[in-house]
Amino acid sequence: MNSAENSIIRGFVLTAIGFFLLFLGLITKAIYGNGAQPEFGGLVLIGPIPIVIGSSEGVSYSMLLLGLFIFAIYILLWRANH
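One structure accompanies this document, and this report is about it. (Residues numbered from 1 in each chain as written. Predicted model: local features only at pLDDT ≥ 70, side-chain atom pairs only at ≥ 80, totals over all residues. Heavy atoms only, no water.)

**Looking at the environment of Leu43**
Defined as follows: By the criteria applied, helices consist of DSSP H or I runs no shorter than four residues and strands consist of E runs no shorter than two, each listed in order from the N terminus. When a residue's accessible area, from a 1.4 Å probe over protein chains only, is under 20% of the maximum for its type it is buried; when over 50% it is exposed; and in between it is partly exposed. Whether two residues touch is decided by their heavy atoms; if any such pair falls within 4.5 Å, the residues are in contact.
With respect to the element layout, Leu43 can be found in strand β1 (residues 41-46). Accessibility expressed as a relative area gives 24% for Leu43, which makes it partly exposed. A C-alpha to C-alpha distance of 9.9 Å links Leu43 and Ser62, two positions 19 residues apart in sequence. When sequence neighbours within four positions are dropped, the list of residues in contact with Leu43 reads Pro50, Ile51, Val52, Met63, Leu66, Gly67 and Ile70.

Printed below as a string of structure tokens:
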């Protein structure tokens, strides 16, 4: 396989992992839901730079850690191809 095919496969794998984690979170919330006020957060990646959105400080902090983790994976994958 060439480099482009490897990149496509990595993209599909990371997307599948993301959907799996989303599904797992929804199932966990449905089973163990506590009726508390829901909070939301979001992460927008423009290139490797994370932009964080959150309804509370805790959620924003979690999104920031997630963004930094994804950024680190991005750098590691980029370094592996060069």
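**Digging into the pairing of β1**
Heads up, the rule is: Strands are labelled as partners when DSSP assigns at least two bridges between them.
Strand direction decides the pairing type here: β1 and strand β2 (residues 49-54), joined by six bridges, are antiparallel. The partner of Leu43 across the bridge, within β2, is Val52. The antiparallel pairing of β1 with β2 creates a hairpin that spans two residues between the two strands, and Gly47 there sits at a positive phi of about 65°.

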